[in-house]
Amino acid sequence: MILAAPAAALAEVASLLHGKLHAPGHARVRRVAELGLLAQLLTERPQPPEQLPLTERKLYDERQANDTGSTAPLSARLVERYGSWKRACYAAWSLLDDGRWTEGGLPWPASPPGKTQEHAYTRDEAIASLRQAAESLGRVPSSTAYMRWRQNRLNRARSRGLRLRLAAEKRITDLLVPDVPEGDRWRAACEVASADWASATAGAQVG
């Protein structure tokens, strides 16, 4: 019966079957295959909480070359895909075992070059992130204290397989005080956030 079908129909069926057999795996599976080795290298060495996760590119290429049967690409491919080696390390560090990210947004640029990328965090989330840090530390944190606190919280969440949204320092200042000069931005952002907390507290008391 199949042999009696028109040649065009057979060709279409063959094409569909080929597509099914050779279709790429789920995006999460591909991410694990692509970044798994780099994530492993990052976890093998203690990462300073005040810095973004990083491992030597040369070390990665040596491990990739010696890892027979590995699905990990060359470092050059990761740099091409994620924009830089630092971005690739950040993407690998934020990756869970099932292929999900521990943070919101994407670890690579989502906008074409020359166009502004939308913020992954909202203004309210930036204020909430600062407030959590202040309540945890018992004071309004400096930018360095906030970065350390945030990284520690993200590390703990990642080790438990949890997803935690805490805006980065630059994302907070970009959202709260985009027009303030660079040297004064963190202090100004904290003042904006503190005013918001005071307003919310006063509103709750009145209500």
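Being a predicted model, the structure only gives us computed values, none of them experimental.

**Q** Please provide a residue-by-residue account of the nonpolar core, values included.
**A** By size, the foremost hydrophobic cluster in this structure holds 20 residues, and its most contacted members are Leu-130, Tyr-146, Ile-172, Leu-176, Trp-186, Ala-193 and Trp-197. Elements with a contribution of two residues or more to this core: helix 6 (123–137), helix 7 (143–159), helix 8 (169–176) and helix 9 (185–206). Among the elements that line this core, the one with the most residues is helix 9, at six residues. Among the nonpolar cores identified, the runner-up in size contains 17 residues, and Leu-35, Ala-39, Tyr-82 and Ala-88 belong to it.

**Q** Explain the packing of aromatic side chains residue by residue, including any values.
**A** Throughout the structure, instances matching the rule amount to three aromatic pairs. Centre to centre, the rings of Tyr-146 and Trp-149 are 5.8 Å apart; their planes meet at 40°, and the pair counts as tilted. With a gap of three residues between them, Tyr-146 and Trp-149 both fall in helix 7, about one helical turn apart. Given a relative accessible area of 6%, Trp-149 falls into the buried group. A ring pair is formed by Tyr-146 and Trp-186, whose centres lie 5.4 Å apart and whose planes are at 45°; its orientation type is tilted. With a gap of 40 residues between them, Tyr-146 in helix 7 and Trp-186 in helix 9 connect regions that are remote in the sequence. Following the ring pairs from residue to residue traces out a cluster consisting of Tyr-146, Trp-149 and Trp-186. One Lys or Arg, Arg-81, reaches over the ring of Tyr-82 and ends 5.4 Å from the middle of that ring.

Parameters at a glance
- Residues numbered from 1 in each chain as written.
- Predicted model: local features only at pLDDT ≥ 70, side-chain atom pairs only at ≥ 80, totals over all residues.
- Heavy atoms only, no water.
- Core = buried A, V, L, I, M, F, W, Y, C linked by side-chain atoms within 4.5 Å.
- Buried < 20%, exposed > 50% of the residue type's maximum accessible area, 1.4 Å probe, protein only.
- Helix = DSSP H or I, 4+ residues; strand = E, 2+ residues; numbered from the N terminus.
- Phe/Tyr/Trp six-rings, centres within 6.5 Å; stacked < 30°, edge-to-face > 60°.
- Lys NZ or Arg CZ within 6 Å of the ring centre and 35° of its normal.

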